[in-house]
Amino acid sequence: MKFAKEIIIDRPLAEVLTLLEDPEHVKQWQPDLVSITPLSGTPGEAGAKATLAYRSDGRDFELTETVVSRDPHGQSVSTYETKGMLHTVTNHFTALDGNRTKMVSENDMQFSGAMKLMGKMLAKSLRTRAETNIENFKHFAETA
C-alpha cells in the first residue's frame, strides 16, 4: 500500500528540521509512543537502529526503526519493521519562503505472511494513523 501526504508548516525549514531530528520530541506527535531504545549507530543518522515501543487501543507492539538516509537539507528515508510488515517513509522538506516549509511524506507499507490479509483489513486504519501523525507533527512544529 502506497500513499503520500503533503502539508504546509508555518515555520522556517531549519527550525522544522531541528525539531524533527530530536528523538525526545517524537512523543509530541506520536501519542501512542511509549519509548525509543537505541540499538546501534548514532540516533538520527544513516544506519542508526532503534526499537520503538507503542501502546495503542490496549495493544502493545514494537517496530524496529532503521534510518536509511538523512540529508541535512531536507530529505530522510527510514524503515519501520515488525513481523509481517515493512513500512518505508520518505520525507521531503522544502522551504517555500522564509517562514513556511512544505513537507511531503511518501509511505510504502509492504505486508508478508499472515499480515498480507491483516494488512488489507487494516489498510484504512494504518493510513489514517500515519496521516494523523503527520498532522500532529505540523501542529507540534507550529506551536513548539
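We now turn to the structure provided with this report. These numbers come from a predicted model, not from an experiment.

1. Regarding the sheet that holds strand β3 (residues 49–56)
An order of β1-β7-β6-β5-β4-β3-β2 is seen for the seven strands of this open sheet, with the pairing classed as antiparallel. The open sheet has two edge strands, β1 (2–9) and β2 (33–40), and neither has a second partner. Averaged over all pairs of adjacent strands, the angle between strand axes in this sheet comes to 20°, irrespective of strand direction. Relative to the sheet, helix α3 (residues 115–143) contacts β1, β3, β4 (59–71), β6 (85–95) and β7 (101–111), its axis offset from that of β1 by approximately 10°.

2. Focus on the side chain of N91
Along the chain, N91 falls in strand β6. Reaching out from N91, the side chain makes a polar contact with the side chain of S105 at a distance of 2.9 Å. With residues near it in sequence (within four places) discarded, N91 still touches G74, Q75, S76, M103, V104 and S105.

3. Here we look at the side chain of N107
Position of N107 among the secondary structure elements: in strand β7. The exposure class assigned to N107 is buried, which follows from its relative accessible area of 4%. Here H87 takes part through its side chain, which lies 2.8 Å from a polar atom of the side chain of N107. Those residues in contact with N107, other than ones at most four positions away along the chain, are M1, K2, F3, H87, T88, V89, A130 and I134.

4. Here we look at the pattern of salt bridges
Oppositely charged side chains are able to pair whenever their charged atoms sit close together. Summed over all chains, the structure comprises eight salt bridges. Salt-bridge contacts for D57 lead to R129; the nearest nitrogen and oxygen are separated by 3.8 Å. Pair noted here: D57 is in the loop between β3 and β4 and R129 is in helix α3, with a separation of 72 residues, a long-range link. You can call D57 exposed: its relative accessible area is 73%.

5. Observations concerning the pairing of β1
Residues F3, K5, I7 and I9 of β1 are buried on one face, while the alternating residues K2, A4, E6 and I8, pointing to the opposite face, are not. Taken together, the eight bridges between β1 and β7 define a ladder with antiparallel strand orientation. Its bridge partner lying in β7, I8 is registered against K102.

6. Let's talk about the pairing of β7
Burial within β7 is extensive, with eight of its eleven residues counted as buried. Where β6 meets β7, eleven bridges bridge the pair, whose relative direction is antiparallel. For T88, the partnering residue across the bridge sits in β7 and is D108. Connecting β6 to the antiparallel partner β7 that follows it, the hairpin turn spans five residues.

7. Some remarks on the nonpolar core
Among the nonpolar cores identified, the biggest contains 26 residues, and I9, L52, F93, M103 and F137 are the most heavily contacted of them. Elements supplying a minimum of two residues to this core: β1, α1 (13–21), α2 (26–29), β3, β6, β7 and α3. Top element by residues in this core is α3. It accounts for five residues. Other than its neighbours up to four places away in sequence, F93 contacts L13, V16, L17, L20, H73, G74, T101, K102, M103 and F137.

The rules behind these values
Residues numbered from 1 in each chain as written. Predicted model: local features only at pLDDT ≥ 70, side-chain atom pairs only at ≥ 80, totals over all residues. Heavy atoms only, no water. Pairing = 2+ DSSP bridges. Helix = DSSP H or I, 4+ residues; strand = E, 2+ residues; numbered from the N terminus. Axes fitted to C-alpha atoms, helices over the stretch in contact; angles between N-to-C directions. Contact = heavy atoms within 4.5 Å. Polar contact = N/O pair within 3.5 Å; in protein donor to acceptor, adjacent residues only side chain to side chain. Buried < 20%, exposed > 50% of the residue type's maximum accessible area, 1.4 Å probe, protein only. Salt bridge = Lys/Arg side-chain N within 4 Å of Asp/Glu carboxyl O. Core = buried A, V, L, I, M, F, W, Y, C linked by side-chain atoms within 4.5 Å.

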